[in-house]
Amino acid sequence: MATLTNDQIKVLEQSRQRLAQLTRSLGSLIASLNQSDPLPPWSSLQSQASIISNNLISVSEQLSDHRDLLSTLVAYPGPEYPGRTQANTLEQLLRTKLDPRVEDWVERGRIAGTEKPPPDTFAIANPSLAATAAQKQLTEADLAELWEWAPIEANEEARRRNWGGNFTLEEREAGIQNVVTGLRKQLEDDEEEEEEDEEEDEGEEEMEIVGVHRKSGGNGVEFDIAPHHAHPVQPVVPLSDILRYMTTGRMS
Amino acid sequence: MHELLLFASVPTHQHAELLQQLAGLTAMQPRHCFERRLIFKAYRKPGVANARVGASQDLQSGDLQRVNKMLNGGMFYTQVVGPIQSADFADAGVTDAAANASANANPNPVNPDPDTDTKMDGMDSESSIPRSAYDFDQQSWQLEFRDIPEAGTRSAVTSRVMATAALPRGDIVPSMNAWGYSFVTEYLVEGDMFIHNDIVLNLHRVLHYPTNPGEENQPRRQMPTLQQMAPLEKSGSYVLQASMMVQDGSNQETMKTASQHLFGLREQLKSAVRLEMADRLSLDTRVK
């Protein structure tokens with residue numbers, strides 16, 4: 001039973017420090033989740049998560065670097081250890097098997113680590129573990145199917161709404177003549193470009209609203225000249241000729 | 001002073017929409033304005049005109065000095081600009097009730113009142129000459145000198161030397177003749193103005209006066225009805241002009257800042273209109 005060299009003690013001390021750091025950052029995350037109401041902003045959560053993940057990486061590096069030493073070490077109480085007052089710590093140190101809870105964690109971690117665990121053994125040993133494992137793992141085929149399904153579904157969902165226009169659906173339902181825009185001009189409730197790829201019923205709805213415009217507006221002239229570009233007229237005289245006329249009174 | 005400009009042609013169907021967009025952008029209601037623009041052309045060699053009176057050099061006002069400088073610099077077209085109100089147009093006043101519908105074949109379709117809708121171009125009967133509150137003798141004028149835009153500027157902005165000076169009210173032609181300038185023609189600019197930070201936005205178009213014989217050689221003393229004015233651009237399109245004035249055109253720093261502001265506006269309006277620099281020769285004010 002050789003005593004530890006200084007180097008080995010140093011390794012142990014380093015491991016202890018890194019573990020302590022990990023515990024601290026986990027503790028601060030838990031505390032911020034518990035204390036702040038509403039939840040802390042996502043940016044701070046994310047930075048805490050990245051700190052924790054860095055801590056985990058450094059712990060795991062430390063443990064695997066000194067695997068040989070750590071796996072051969074045996075703990076035993078020295079004669080000067082205060083066994084009476086520190087009985088709990090002593091028991092923890094002298095454990096030969098892991099705590100049942102910790103054993104669960106380790107098991108779950110191993111399952112997540114191995115690519116595809118043999119389902120039967122775990123299902124028998126621990127059904128809940130098998131369930132979590134199945135939830136996390138999607139096969140390549142499943143993923144492809146999801147990707148095929150999602151864009152179409154999202155697009156359809158988007159199409160159900162009428163994007164653009166001057167009024168929201170709520171304002172239309174309440175009657176657009178009640179909307180206070182602060183503008184002297186009448187706002188049109190449709191836009192030609194958007195209209196083109198709308199469905200039929202969308203068009204009917206727009207027609208009704210145009211009708212409301214007529215009744216409530218009172219100034220039909222503005223309505224008539226409003227931007228309905230059914231027959232766009234491009235200028236005949238080029239801009240440079242207009243400017244030339246404005247400058248010299250002649251067109252050429 | 002320098003003036004930096006960008007222009008865009010606005011088709012008539014886009015006009016109302018653009019007005020709204022500009023109102024939103026500038027957070028102000030459009031300011032509708034009319035301007036009479038008289039074009040004068042130099043006919044004398046520069047240096048001949050002298051507006052000094054006697055030996056009273058010290059008494060020359062700043063404006064007069066500037067006018068001298070402008071007018072003696074070279075052979076240029078200059079503009080005399082007079083703002084008018086919409087009430088100055090003939091249809092804003094009261095027409096002679098004797099000019100009834102039977103005497104005239106040209107009823108004004110816009111006026112809803114059948115008794116007063118008979119305004120004419122004033123040629124076939126004395127009684128049908130429309131009256132308005134317009135008083136030519138009280139018309140205020142401003143001389144606007146614009147140099148030809150600078151050549152070979154690296155930035156994509158029209159930039160030119162400019163100067164303005166106040167002129168006496170009323171008939172301006174004798175004074176201009178004395179300076180060596182002859183009247184060429186006149187037109188009306190109708191449009192809306194917006195201010196966006198340090199940029200003035202003018203959305204305007206040129207209107208022609210109805211041509212009456214004998215009126216071509218001098219500025220009109222009476223305004224016709226607005227309905228008789230015909231747009232120069234037959235489709236009724238407008239010109240959007242974004243302009244910015246720079247006091248010291250030799251300061252490269254301010255000129256750069258100013259054109260950057262204009263570019264910023266161009267970016268903001270990119271989806272609505274395409275603001276561009278104008279063809280330099282189309283703004284050539286030199287007399288050839």
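Rules of the game
- Residues numbered from 1 in each chain as written.
- Chains lettered and ligands numbered in written order.
- Predicted model: local features only at pLDDT ≥ 70, side-chain atom pairs only at ≥ 80, totals over all residues.
- Pairing = 2+ DSSP bridges.
- Helix = DSSP H or I, 4+ residues; strand = E, 2+ residues; numbered from the N terminus.
- Buried ≥ 20, exposed ≤ 12 C-beta atoms within 10 Å, placed from the backbone.
- Core = buried A, V, L, I, M, F, W, Y, C linked by C-beta atoms within 7 Å.
- Contact = placed C-beta atoms within 7 Å.
- Expected span 1.5 Å × (residues − 1).
- Arc of directions from axis to C-beta.

1. Here we look at the pairing of strand E6 (residues 181–196) of chain B
Residue and element names in this part refer to chain B. Alignment of strand E2 (residues 31–42) against E6, held across 12 bridges, turns out to be antiparallel. Its bridge partner being in E6, arginine 37 is matched across the sheet by tyrosine 187. Pairing between E6 and strand E7 (residues 199–208): nine bridges, direction antiparallel. Across the sheet, histidine 196 pairs through a bridge with isoleucine 199, a residue of E7.

2. Overview of the pairing of strand E1 (residues 2–10) of chain B
Residues and elements named next belong to chain B. E1 sits mainly inside the fold: nine of its nine residues count as buried. Going residue by residue along E1, you find His2, Leu4, Leu6, Ala8 and Val10 tucked away on one face and Glu3, Leu5, Phe7 and Ser9 tucked away on the opposite face as well. With four bridges joining them, E1 and strand E5 (residues 158–167) adopt antiparallel strand pairing. Considered in E5, the bridge of histidine 2 is made with valine 161. Examined bridge by bridge, E1 and strand E9 (residues 238–246) share nine bridges and lie antiparallel to one another. Note on E9: the bridge partner recorded for leucine 6 is alanine 242.

3. Considering the nonpolar core
Across soluble globular proteins, nonpolar side chains show a tendency to be buried alongside one another. Counting residues in each nonpolar core, the largest one holds 33 residues, and the members touching the most others are Ile242 of chain A together with Phe7, Val10, Leu240, Ala242 and Leu262 of chain B. Where this core is concerned, the elements lending two or more residues are helix H13 (239–248) of chain A together with E1, helix H1 (12–26), E7, E9 and helix H4 (252–268) of chain B. Looking at this core, the element that brings in the most residues is E1 of chain B, giving six residues. Sequence-distant contacts of phenylalanine 7 of chain B, that is, excluding residues within four places in its chain, are made with Leu239 and Leu243 of chain A together with Val239, Leu240, Gln241, Leu275, Glu276 and Ala278 of chain B. Judged by nonpolar contacts, the second largest core, of 15 residues, contains Leu38, Phe40, Phe76 and Tyr77 of chain B.

4. Digging into H4 of chain B
Residue and element names in this part refer to chain B. For H4, which comprises 17 residues, the first-to-last C-alpha distance of 24 Å matches the rise-based estimate of 24 Å (1.5 Å per residue) to within 8%. For H4, the set of buried residues is Met255, Ala258, Ser259, Leu262 and Leu265. Viewed end-on, H4 has its buried residues packed into an arc of 110°, placing them on one side of the element. Among the exposed residues of H4, those pointing more than 90 degrees away from its buried face are Gln252, Glu253, Lys256, Gln260 and Glu267. Residues of H4 that are buried in the fold lie against E1, E6, E7 and E9.

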